[in-house]
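Results of the structural survey
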Amino acid sequence: MSKALVIYLVAEPETPELARAAVDGGADIVELGIPFSDPLAEGPVIRQASERALARGMRTRPCLDVLARMRELVDVPIVPMTYAAILEAYGYERFAGDAAAAGASSAIIVDLPVEMHPELKRIQLIAPTSTDERIRAAAANTDGWLYVVSLTGTTGAREEVSQRVGALVERSRALAPSGLPLYAGFGVSTPEHARAFAEIADGVVVGSRAVQVAEQGPDALREYVASLRAALDAA
Amino acid sequence: MSTTTTFGAYGGRYVPETLIPALDELEAGWREALADDAFHAELHRLATTYAGRPTPLTLAERFEPGKRIYLKREDLLHTGAHKLNNALGQAVLAQRLGKHRIVAETGAGQHGVATATVCARFGLDCVVYMGEEDMRRQRPNVERMYLLGAEVRGVDFGTRTLKEATSEAIRDWITNVETTHYLIGSCVGPAPYPELVAELQSVIGREAREQVLTAEGRLPEAVIAAVGGGSNAIGVFHGFLDDADVRLVGVEAAGAASLGSGRTAVLHGARSSVLADEDGQIADAHSISAGLDYPGVGPEHAYLRDTGRAEYRAATDEEALDAFRRLARTEGIIPALEPAHALARARDLDAELILVCLSGRGDKDLDEALKALEKLA
């Protein structure tokens, strides 16, 4: 089965065109980052991109408008990714409703543990530090697929892919309902990384590097995503 | 899994999954320690033989004639501020948890110095994150941390103050969580930190209550303390929570009044009263006092505000500077700029017998305060 490629972009006015380029390059899912001023899980690239977006006025409502314009340009799932602070202010139910109305599929809330706000259907995250009990809870409650955080750390490119992701994916397969897709992310930036992850997981998530390449425009992003796609298809 | 530990609507654990197991482990280790007489005996031994507890109570007769203002002298604690109470307790706890690397954030540098001190004392690796603006205005404390063997990592983005230093310390913890204890400096952050820090600081209130009773034969009418994150205030308040007739008054910096002009929002892992906009984005705080220059506050303070048990007021930079100089000239005590805010409001509080938590000494502030006083003159 073909491995899934998930591309993360920070919401800005230009993002719909960038998302189209990513999908043309072979992305199966686009994560749309709704920026927060104090994003604890982000390394420098996404933190700085978030600061720039906020300086341009990319608050929650304008981000949902960007999402709606993306929906007109691409036909893959669009998953808003953000922090609990945004939903606390906007309202959890209101966010779920407005995001769905704009064309979102599910959501990822980086700092909302599985126990909190169980009514909000979302993609859950697991990490190398997660206990078996927590992986079971995340797998049972997740919406569609499970986000496997490959390392202990923040987002951002690394020289080498995490050596821990294999054990974590294996442990998760044993604990999750059979057939639940496991997509691995954090620290993936090159086609070689993507291919290494694809040999273990059902898909890969690429964030920081995609955000960096996107600064060079849609053509550069399309080419970069295509290089990841080719690596996954060869895996 | 007790991720819902809250103070009313406030508190909780809004952190990435990577940290949740560490918070569970910390909470379990903390409960075990609390139930262990040996832990309490160790803390007591360190407090009395190393830190200099109990700290004295001083009647400030000349500072505000007509009132009886007592100062709880945390400025006389080793390292010069109440921060050591928390750092010592958490260092002992970190060792029980088998963690030999410590990360911390610091604003005024007092918590950084306290953390560097306990790490030197126990032989732990120490990394302190500090905003570059704070490194500039609290230079003596940066030098003390270096001398104590800590690594100080400057944070050069955003406000370059305590908010970003805290975010970077948490990011370090996410990265090194398996070997590292995050020694948070105030009663903020994800559960169980607010409760843990409050308990370790409550020694201030327990001692002060006995000392005021001994000196006056009655309880104070009001207890007043500066509130940034709120740890010295929560520590002294905890001694009087059950004394319904004792007013508890927290004083925020006017430009960083998270309780006075904030809204419910999430910052650094907890839901509390925060300076934030209607979208939940965190706003910048402004204060001459680096220790109060923070847009959030401990969740228990938000709860005490809502229940009416405590009241919160503000003092401007100018009022704090005036009280800073006044205490120096009338009592021969140079306070830190943080408790100078509490001193300013103690003067005009409609109460006669008042306990002020003098949370730290002002050596670190001389440059900044003298420059500011010159401008006012």
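Residues numbered from 1 in each chain as written. Chains lettered and ligands numbered in written order. Predicted model: local features only at pLDDT ≥ 70, side-chain atom pairs only at ≥ 80, totals over all residues.

1. With respect to the overall build of chain B
When you go through chain B residue by residue, the secondary structure sums to 15 helices and 14 strands. The C-alpha radius of gyration of chain B comes to 19 Å, within 12% of the 21 Å expected for a compact globule of 377 residues. Here the C-alpha coordinates of chain B stretch approximately 55 × 45 × 45 Å along the principal axes. Here chain B holds 377 residues, and 62% of them are scored as buried. In chain B, 75% of the contacts between residues at least 6 apart in sequence involve partners at least 24 apart. (Helix = DSSP H or I, 4+ residues; strand = E, 2+ residues; numbered from the N terminus. Rg over C-alpha atoms; globule rule 2.2 N^0.38 Å. Buried ≥ 20, exposed ≤ 12 C-beta atoms within 10 Å, placed from the backbone. Contact = placed C-beta atoms within 7 Å.)

2. Quick look at the domain arrangement of chain B
All names here are of chain B. Under the domain assignment used here, chain B contains domain 1 (6-45 + 83-197) and domain 2 (53-81 + 202-376). Averaged C-alpha coordinates put domain 1 and domain 2 at centres separated by 21 Å. Every contact between the two is made by 38 residues of domain 1 and, on the other side, 37 residues of domain 2. Broken down by secondary-structure element, the contributors of at least two residues to the side of domain 1 that touches domain 2 are strand S2 (10-11), helix H3 (83-96), helix H4 (110-122), helix H5 (132-137), helix H6 (139-147), helix H7 (162-175) and helix H8 (193-201). For the side of domain 1 that touches domain 2, a count of residues per class yields 17 nonpolar, 16 polar and 5 charged. (Domains from an automatic or database assignment. Nonpolar A, V, L, I, M, F, W, Y, C, P; charged D, E, K, R; others polar.)

3. Thoughts on the sheet that holds strand S10 (residues 247-253) of chain B
Residues and elements named next belong to chain B. With mixed pairing, the 6 strands of this open sheet are ordered in space as S3-S4-S14-S9-S10-S13. The sheet is open, and its two edges are formed by strand S3 (57-59) and strand S13 (310-315), each paired on a single side. For this sheet, the mean inter-axis angle between neighbouring strands, taken without regard to orientation, is 25°. Judged from the 6 bridges that link them, S10 and S13 form a sheet pairing that is parallel. Its bridge partner lying in S13, Val251 is registered against Arg313. Together, strand S4 (68-73), strand S9 (222-226), S10, S13 and strand S14 (353-358) form the strand contacts of helix H14 (residues 337-348), whose direction differs from that of S9 by roughly 145°. (Pairing = 2+ DSSP bridges. Axes fitted to C-alpha atoms, helices over the stretch in contact; angles between N-to-C directions.)

4. Observations regarding the confidence of the model for chain B
For chain B, per-residue confidence averages 96 on the pLDDT scale, and residues scoring 70 or more make up 99% of the total. Two numbers describe this predicted complex: its pTM, 0.96, and its ipTM, 0.96. (pLDDT = per-residue confidence, 0-100.)

5. A few points about the pairing of strand S2 (residues 29-33) of chain A
All names here are of chain A. Most of S2 sits inside the fold, with 5 of its 5 residues counted as buried. Side chains Ile29, Glu31 and Gly33 project from S2 onto one buried face, and the interleaved Val30 and Leu32 project onto a second face that is buried too. Assessed by its sense of winding, the connection that carries the chain from strand S1 (residues 4-10) through helix H1 (residues 15-25) to S2 is right-handed. Alignment of S2 against strand S3 (residues 78-82), held across 4 bridges, turns out to be parallel. In the strand pairing of S3, Val30 is matched with Ile78. (Right-handed = clockwise from strand over helix to strand, strands pointing away.)

6. Some details on the interface of chain B and chain A
Across the boundary between the two partners, chain B contributes 29 residues, which contact 30 residues of chain A. Secondary-structure elements contributing two or more residues to the side of chain B that touches chain A are helix H1 (20-34), H7 and strand S11 (263-267) of chain B. A per-element tally of the side of chain B that touches chain A places H7 of chain B first, with 6 residues. Taken together, the residues of the side of chain B that touches chain A sort by class into 14 nonpolar, 7 polar and 8 charged.

7. Notes on unusual backbone geometry
For the peptide bond that leads from Arg53 of chain B to Pro54 of chain B, omega is -5°, which places it in the cis range. Within the secondary structure, Pro54 of chain B is located in the loop between helix H2 (37-51) and S3. In this model, His117 of chain A sits at a positive phi of 45°, which is unusual for a non-glycine residue. Position of His117 of chain A among the secondary structure elements: in the loop between strand S4 (108-109) and strand S5 (125-126).

8. Considering the nonpolar core
Counting 223 residues, the largest nonpolar core has Val148 and Val204 of chain A together with Val356 of chain B as the members making the most contacts within it. Excluding its chain neighbours within four sequence positions, the residues that come into contact with Val204 of chain A are Leu5, Val6, Tyr183, Ala184, Gly185, Val188, Ala194, Phe197 and Ala198 of chain A. (Core = buried A, V, L, I, M, F, W, Y, C linked by C-beta atoms within 7 Å.)

9. Digging into the packing of H1 of chain A against helix H3 (residues 60-73) of chain A
Residue and element names in this part refer to chain A. Between H1 and H3, the shortest axis-to-axis distance is 8 Å and the interhelical angle comes to 35°. Crossing handedness for the pair H1 and H3: right-handed. On H3, the residues that touch Thr15, Pro16, Ala19 and Arg20 of H1 are Val66, Arg69, Met70 and Leu73. A breakdown of the residues in the contact of H1 with H3 according to their chemical character gives 5 nonpolar, 1 polar and 2 charged. (Left-handed = near helix turned anticlockwise from the far one by under 90°.)

10. Quick word on the environment of Phe240 of chain B
Residue and element names in this part refer to chain B. With respect to the helices and strands, Phe240 occurs in the loop between helix H10 (231-237) and S10. Separated by 17 residues in sequence, Phe240 and Val223 have C-alpha atoms that sit 8.3 Å apart. Excluding residues that lie within four positions of it along the chain, Phe240 makes contacts with Gly205, Arg209, Val223, Val246 and Leu248.

11. A few points about the sheet that holds strand S8 (residues 180-182) of chain B
To summarise the sheet geometry, strands pair through backbone hydrogen bonds and adopt either a parallel or an antiparallel arrangement. All names here are of chain B. Pairing in this open sheet of 4 strands is parallel, and the strands run S7-S6-S5-S8 from one edge to the other. Here the strands that pair on one side only, and so sit at the sheet edges, are strand S7 (151-155) and S8. On average, adjacent strands in this sheet sit at an angle of 25° to one another, irrespective of strand direction.

12. Considering helix H7 (residues 165-175) of chain A
All names here are of chain A. Within H7 the residues assigned to the buried category are Val165, Leu168, Val169 and Ser172. The buried side chains of H7 occupy one side of the element, clustering within an arc of 95° when seen end-on. Turned more than 90 degrees from where H7 packs its buried face, Ala167, Glu170 and Ala174 sit exposed. Packed against the buried residues of H7 are S5, helix H6 (132-141), strand S6 (146-149), strand S7 (182-185) and helix H8 (191-198). (Arc of directions from axis to C-beta.)

13. Some points on the pairing of strand S8 (residues 203-206) of chain A
The side chains of a regular strand alternate between both faces of the sheet. All names here are of chain A. Across the two faces of S8 the burial is the same, with Gly203 and Val205 and Val204 and Val206 all buried. Pairing analysis gives 3 bridges linking S7 to S8, with the strands arranged parallel. Its bridge partner lying in S8, Gly185 is registered against Val205. Tracing the backbone out of S7, into H8 and back to the parallel element S8 gives a crossover that is right-handed.

14. Quick notes on the environment of Leu84 of chain B
Residues and elements named next belong to chain B. On the secondary structure map, Leu84 appears in helix H3. A tally of 28 C-beta atoms within 10 Å means that Leu84 is categorised as buried. Taking the C-alpha atoms as reference points, Leu84 and Gln201, separated by 117 residues in sequence, lie 9.1 Å from one another. Other than its neighbours up to four places away in sequence, Leu84 contacts Ala51, Leu77, His78, Thr79, Ala114 and Thr117.

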